[in-house]
Amino acid sequence: MPQVSVIIATLAEASRKNSLKYAINSIRNSSVLPIKIIVVVNGNRFDPEIFHWLKAEPDVLFNYIKEPSLPLALLRGRQLVETEFFSFLDDDDEYLPGATDYRLSFLQANPEVDLVACNGYINRGEGNMLLYDSLADISTDPLYALFNKNWLASCGGLFRAHSIKCDYFHSGMAYLEWTWLAFRIASAGHRIQGLDDPTFTI
């Protein structure tokens, strides 16, 4: 049985066909173990071909909501998690090979940690650049560190499901949703660890 679920919230528009397929394949390549891929299509702008392709993929748990809302799609994805750990990936980003195994190994070796926040690359057409100078310093006081930078990238975290429950995703925030999520988790006193090794590309 998979230990990790990865949630993708997407409009499934025709313009995202290639990037969405690439994102899903990057999830598969991020672990030697099976991963439960949860894709929540939201809104009515989806491409029918992508819609049916997603439904036919054997390792994809497909779900659809009529309202075009990223926060609601993220919440629905979290509600569908039945694994011990979960993470997220945007439909135009990618995990690096071995990324999920790296994060999972850390959380399994550190049962007191509820969330690991990893570094990654950002690429705007001029090559890969590290997203953060360092994340290793956030664990001492993650709430204080949040006032200097949002250390939780959308595809940068692996969450322990029994600690980071669905309630954290009832935000309704249409913007800065990852900063708000990081604030809520840190404010609740959860143990958070930052890791500088890159595990994704935006």
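See above for the structure.
First things first, this report covers the structure right here in the doc.

### Some thoughts on the overall build of the protein chain
Phase 1 of the analysis: A tally of helices and strands in the protein chain yields six helices and nine strands.
Phase 2 of the analysis: Taken over the C-alpha trace, the protein chain has a radius of gyration of 16 Å; the compact-globule value for 202 residues is 17 Å, and the two agree within 12%.
Phase 3 of the analysis: Seen through its C-alpha atoms, the protein chain measures out along the principal axes to roughly 45 × 35 × 35 Å.
Phase 4 of the analysis: Surface accessibility of the protein chain: about 9,800 Å² in total, with carbon and sulfur atoms responsible for 53%.

### So, the nonpolar core
Phase 1 of the analysis: In this structure, Phe86, Trp151 and Phe159 are the most contacted members of the largest nonpolar core, which totals 63 residues.
Phase 2 of the analysis: Dropping the residues within four chain positions of it, Phe86 is found in contact with Ser5, Ile7, Arg78, Val81, Gly157, Leu158, Phe159, Arg160, Ala161, Ile164 and Phe169.

### Re the packing of helix α1 (residues 17-28) against helix α2 (residues 48-56)
Phase 1 of the analysis: At a minimum axis separation of 11 Å, α1 and α2 run at an interaxial angle of 15°. Here α1 is positioned roughly parallel relative to α2, judged by the angle of their axes. Along this stretch, α1 crosses α2, giving a crossing that reads as right-handed. Residues Lys17, Leu20, Lys21 and Ile24 of α1 touch α2, and the partners they reach there are Glu49, Ile50, Trp53 and Leu54.

### Some thoughts on the pattern of salt bridges
Phase 1 of the analysis: Evaluated as defined, the whole model comprises seven salt bridges.
Phase 2 of the analysis: A salt bridge links Asp92 to Arg16, with the nearest nitrogen and oxygen atoms 3.6 Å apart. Pair noted here: Asp92 is in the loop between β4 (85-88) and β5 (94-95) and Arg16 is in the loop between β1 (4-10) and α1, with a separation of 76 residues, a long-range link.
Phase 3 of the analysis: By relative accessible area, Asp92 is classed as partly exposed at 41%.
Phase 4 of the analysis: Measuring nitrogen to oxygen at the nearest pair gives 2.8 Å for the salt bridge that ties Lys17 to Glu49. Separated by 32 residues along the polypeptide, Lys17 in helix α1 and Glu49 in helix α2 bring together distant segments of the chain.
Phase 5 of the analysis: Judged by its relative accessible area of 26%, Lys17 is partly exposed.
Phase 6 of the analysis: Its relative accessible area of 49% is what places Glu49 among the partly exposed residues.
Phase 7 of the analysis: Residues joined in a network through salt bridges with shared partners are Arg16, Asp91 and Asp92.

Parameters and conventions
- Residues numbered from 1 in each chain as written.
- Predicted model: local features only at pLDDT ≥ 70, side-chain atom pairs only at ≥ 80, totals over all residues.
- Heavy atoms only, no water.
- Helix = DSSP H or I, 4+ residues; strand = E, 2+ residues; numbered from the N terminus.
- Rg over C-alpha atoms; globule rule 2.2 N^0.38 Å.
- Areas by Shrake-Rupley, 256 points an atom, 1.4 Å probe, with all protein chains shown as cover.
- Core = buried A, V, L, I, M, F, W, Y, C linked by side-chain atoms within 4.5 Å.
- Buried < 20%, exposed > 50% of the residue type's maximum accessible area, 1.4 Å probe, protein only.
- Contact = heavy atoms within 4.5 Å.
- Axes fitted to C-alpha atoms, helices over the stretch in contact; angles between N-to-C directions.
- Parallel < 35°, antiparallel > 145°, perpendicular 65-115°, else oblique.
- Left-handed = near helix turned anticlockwise from the far one by under 90°.
- Salt bridge = Lys/Arg side-chain N within 4 Å of Asp/Glu carboxyl O.

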